[in-house]
Amino acid sequence: HMIRNRGNTPTVGQAVFCALFILLLRFFASFQFTLPKDWTGMATMTVLTQIAFFAVPALLLSILLTRQPRDTLLLRLPCWSSLPAAMLLALLLHPASITLGIFVQHTYPLPEQIETISRTLVSGAPSLWMLIMVVAVTPALCEELAFRGFILSGLRHLGHRWWAIGLTSIF
(Lines give C-alpha, C1' and ligand atoms only; values in the text may rest on other atoms or scores of the structure.)
Protein backbone atom coordinates (compact mmCIF):
# COMPACT_ATOMS: atom_id res chain seq x y z
CA HIS A 1 0.00 0.00 0.00
CA MET A 2 2.78 2.47 0.90
CA ILE A 3 4.65 1.78 -2.32
CA ARG A 4 1.58 1.75 -4.55
CA ASN A 5 0.05 4.95 -3.11
CA ARG A 6 3.27 6.87 -2.60
CA GLY A 7 3.34 10.66 -2.77
CA ASN A 8 5.75 13.02 -4.45
CA THR A 9 7.58 13.54 -1.15
CA PRO A 10 7.58 11.55 2.11
CA THR A 11 4.94 11.94 4.78
CA VAL A 12 5.71 13.22 8.26
CA GLY A 13 5.53 9.65 9.58
CA GLN A 14 7.95 8.37 6.96
CA ALA A 15 10.38 11.20 7.76
CA VAL A 16 10.22 10.49 11.50
CA PHE A 17 10.66 6.76 10.81
CA CYS A 18 13.75 7.48 8.72
CA ALA A 19 15.24 9.71 11.43
CA LEU A 20 14.59 7.21 14.20
CA PHE A 21 15.84 4.33 12.06
CA ILE A 22 19.10 6.15 11.33
CA LEU A 23 19.61 7.10 14.97
CA LEU A 24 18.86 3.60 16.26
CA LEU A 25 20.99 1.96 13.58
CA ARG A 26 23.90 4.23 14.43
CA PHE A 27 23.41 3.68 18.17
CA PHE A 28 23.41 -0.11 18.01
CA ALA A 29 26.22 -0.22 15.47
CA SER A 30 28.41 1.84 17.79
CA PHE A 31 28.61 -1.16 20.12
CA GLN A 32 30.08 -3.26 17.31
CA PHE A 33 32.94 -0.97 16.32
CA THR A 34 36.22 -0.39 18.10
CA LEU A 35 38.39 2.69 17.80
CA PRO A 36 40.63 2.44 14.74
CA LYS A 37 44.38 2.29 15.29
CA ASP A 38 45.55 3.94 12.07
CA TRP A 39 44.50 6.30 9.29
CA THR A 40 43.29 3.54 6.97
CA GLY A 41 41.03 2.07 9.64
CA MET A 42 39.62 5.47 10.56
CA ALA A 43 39.02 6.46 6.94
CA THR A 44 37.39 3.13 6.11
CA MET A 45 35.16 3.19 9.18
CA THR A 46 34.12 6.82 8.61
CA VAL A 47 33.26 6.40 4.94
CA LEU A 48 31.47 3.07 5.38
CA THR A 49 29.40 4.19 8.37
CA GLN A 50 28.41 7.43 6.67
CA ILE A 51 27.31 5.67 3.51
CA ALA A 52 25.65 2.70 5.23
CA PHE A 53 23.93 4.54 8.08
CA PHE A 54 22.99 7.86 6.50
CA ALA A 55 23.03 7.83 2.70
CA VAL A 56 21.69 4.34 1.95
CA PRO A 57 18.58 4.54 4.18
CA ALA A 58 17.67 7.96 2.78
CA LEU A 59 18.22 6.86 -0.83
CA LEU A 60 16.33 3.58 -0.43
CA LEU A 61 13.39 5.19 1.33
CA SER A 62 13.30 7.93 -1.30
CA ILE A 63 13.16 5.39 -4.11
CA LEU A 64 10.67 3.09 -2.38
CA LEU A 65 8.32 5.59 -0.75
CA THR A 66 8.21 8.59 -3.09
CA ARG A 67 7.46 9.21 -6.74
CA GLN A 68 10.07 11.94 -7.12
CA PRO A 69 13.30 11.01 -5.29
CA ARG A 70 15.14 14.01 -6.73
CA ASP A 71 12.58 16.44 -5.30
CA THR A 72 12.46 14.49 -2.04
CA LEU A 73 16.21 14.77 -1.54
CA LEU A 74 16.14 18.43 -2.61
CA LEU A 75 18.78 17.78 -5.27
CA ARG A 76 19.13 20.90 -7.34
CA LEU A 77 21.96 23.19 -8.27
CA PRO A 78 22.36 26.30 -6.15
CA CYS A 79 21.78 29.73 -7.58
CA TRP A 80 25.13 31.02 -8.82
CA SER A 81 24.64 34.34 -7.04
CA SER A 82 24.47 32.53 -3.68
CA LEU A 83 27.96 31.02 -4.00
CA PRO A 84 29.89 34.28 -3.36
CA ALA A 85 27.61 34.96 -0.38
CA ALA A 86 28.31 31.49 1.02
CA MET A 87 32.07 31.96 0.61
CA LEU A 88 31.92 35.39 2.27
CA LEU A 89 29.86 33.99 5.13
CA ALA A 90 32.39 31.19 5.65
CA LEU A 91 35.26 33.69 5.75
CA LEU A 92 33.44 35.98 8.16
CA LEU A 93 32.40 33.18 10.52
CA HIS A 94 35.81 31.49 10.59
CA PRO A 95 37.27 33.66 13.42
CA ALA A 96 34.13 33.14 15.52
CA SER A 97 34.24 29.37 15.00
CA ILE A 98 37.92 29.23 15.97
CA THR A 99 37.20 31.25 19.12
CA LEU A 100 34.26 29.01 19.99
CA GLY A 101 36.42 25.91 19.44
CA ILE A 102 39.08 27.24 21.80
CA PHE A 103 36.43 28.03 24.41
CA VAL A 104 34.91 24.54 24.15
CA GLN A 105 38.35 22.87 24.40
CA HIS A 106 39.17 24.98 27.43
CA THR A 107 35.81 24.29 29.10
CA TYR A 108 35.64 20.58 28.20
CA PRO A 109 39.20 19.36 27.62
CA LEU A 110 39.65 16.05 25.84
CA PRO A 111 41.21 13.23 27.82
CA GLU A 112 44.88 12.92 26.91
CA GLN A 113 44.39 9.42 25.48
CA ILE A 114 41.71 10.62 23.02
CA GLU A 115 43.82 13.61 22.01
CA THR A 116 46.82 11.36 21.32
CA ILE A 117 44.72 8.96 19.25
CA SER A 118 43.22 11.84 17.28
CA ARG A 119 46.62 13.35 16.50
CA THR A 120 47.94 9.95 15.41
CA LEU A 121 44.99 9.34 13.11
CA VAL A 122 45.10 12.80 11.53
CA SER A 123 48.88 12.80 11.09
CA GLY A 124 48.64 9.46 9.29
CA ALA A 125 46.52 10.91 6.49
CA PRO A 126 48.24 10.59 3.10
CA SER A 127 47.32 14.17 2.13
CA LEU A 128 45.32 17.15 3.30
CA TRP A 129 42.80 16.55 0.50
CA MET A 130 42.23 12.97 1.60
CA LEU A 131 41.70 14.15 5.18
CA ILE A 132 39.17 16.77 4.01
CA MET A 133 37.34 14.19 1.88
CA VAL A 134 37.05 11.67 4.73
CA VAL A 135 36.37 14.02 7.63
CA ALA A 136 34.36 16.80 5.97
CA VAL A 137 33.01 16.02 2.51
CA THR A 138 31.74 12.45 2.94
CA PRO A 139 29.85 13.14 6.20
CA ALA A 140 28.46 16.39 4.80
CA LEU A 141 27.07 14.73 1.66
CA CYS A 142 25.68 11.64 3.40
CA GLU A 143 24.10 13.48 6.30
CA GLU A 144 22.65 16.18 4.04
CA LEU A 145 20.96 13.50 1.91
CA ALA A 146 19.35 12.02 4.99
CA PHE A 147 18.51 15.04 7.11
CA ARG A 148 18.15 18.00 4.76
CA GLY A 149 16.88 15.71 2.04
CA PHE A 150 14.49 12.96 3.06
CA ILE A 151 13.67 13.98 6.64
CA LEU A 152 13.22 17.70 6.00
CA SER A 153 11.10 16.94 2.91
CA GLY A 154 8.70 14.91 5.01
CA LEU A 155 8.62 17.27 7.97
CA ARG A 156 7.72 20.19 5.69
CA HIS A 157 4.21 18.71 5.66
CA LEU A 158 3.82 19.85 9.28
CA GLY A 159 2.65 23.16 7.84
CA HIS A 160 5.23 25.55 9.20
CA ARG A 161 8.76 25.42 7.84
CA TRP A 162 10.37 26.44 11.15
CA TRP A 163 8.88 23.38 12.86
CA ALA A 164 10.38 21.24 10.11
CA ILE A 165 13.78 22.94 10.38
CA GLY A 166 13.79 22.71 14.18
CA LEU A 167 12.82 19.02 14.30
CA THR A 168 15.35 18.14 11.61
CA SER A 169 18.04 19.96 13.60
CA ILE A 170 17.13 18.02 16.73
CA PHE A 171 17.43 14.73 14.84
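All figures in this text were calculated on a predicted structure; none of them were measured in a lab.

Visitor: In this structure, what is going on with the packing of helix H1 (residues 12-30) against helix H2 (residues 39-65)? I would like to understand it.
Guide: Between two packed helices, the angle of one axis relative to the other and the distance separating the axes together describe the packing. The N-to-C vectors of H1 and H2 enclose an angle of 150°; their axes lie 10 Å apart at closest approach. Comparing their axes, H2 and H1 come out roughly antiparallel. Considering how the two elements wind past one another, H1 and H2 form a crossing that is right-handed. Across the interface between the two elements, Gln14, Phe17, Cys18, Phe21, Ile22, Leu25, Arg26 and Ala29 from H1 touch Ala52, Phe53, Phe54, Pro57, Leu61 and Leu65 from H2. Partitioning the contact of H1 with H2 into residue classes produces 12 nonpolar, 1 polar and 1 charged.

Visitor: Explain H1 to me, please; I cannot follow it from the model alone.
Guide: Because each turn of an α-helix spans 3.6 residues, side chains separated by three or four positions end up pointing in the same direction. Here H1 spans 27 Å end to end across 19 residues, near enough to the 27 Å set by a 1.5 Å rise per residue. Of the positions making up H1, those classed as buried are Gln14, Ala15, Cys18, Ala19, Ile22 and Ala29. Along the long axis of H1, the arc covered by the buried residues comes to 140°, so they all point the same way. Where the residues of H1 are buried, they touch H2 and helix H6 (128-155).

Visitor: Sorry, what's going on with the side chain of Thr46 here?
Guide: By the secondary structure assignment, Thr46 is in helix H2. Judged by its relative accessible area of 17%, Thr46 is buried. Every residue in contact with Thr46, bar those within four places of it in the chain, is listed here: Val134 and Pro139.

Visitor: Looking at this structure, how should I read the environment of Thr107?
Guide: Secondary-structure assignment places Thr107 in helix H4 (residues 82-107). Here Phe103 takes part through its backbone oxygen, which lies 2.8 Å from a polar atom of the side chain of Thr107.

Reading guide: rules and limits
Residues numbered from 1 in each chain as written. Predicted model: local features only at pLDDT ≥ 70, side-chain atom pairs only at ≥ 80, totals over all residues. Heavy atoms only, no water. Axes fitted to C-alpha atoms, helices over the stretch in contact; angles between N-to-C directions. Helix = DSSP H or I, 4+ residues; strand = E, 2+ residues; numbered from the N terminus. Parallel < 35°, antiparallel > 145°, perpendicular 65-115°, else oblique. Left-handed = near helix turned anticlockwise from the far one by under 90°. Contact = heavy atoms within 4.5 Å. Nonpolar A, V, L, I, M, F, W, Y, C, P; charged D, E, K, R; others polar. Expected span 1.5 Å × (residues − 1). Buried < 20%, exposed > 50% of the residue type's maximum accessible area, 1.4 Å probe, protein only. Arc of directions from axis to C-beta. Polar contact = N/O pair within 3.5 Å; in protein donor to acceptor, adjacent residues only side chain to side chain.

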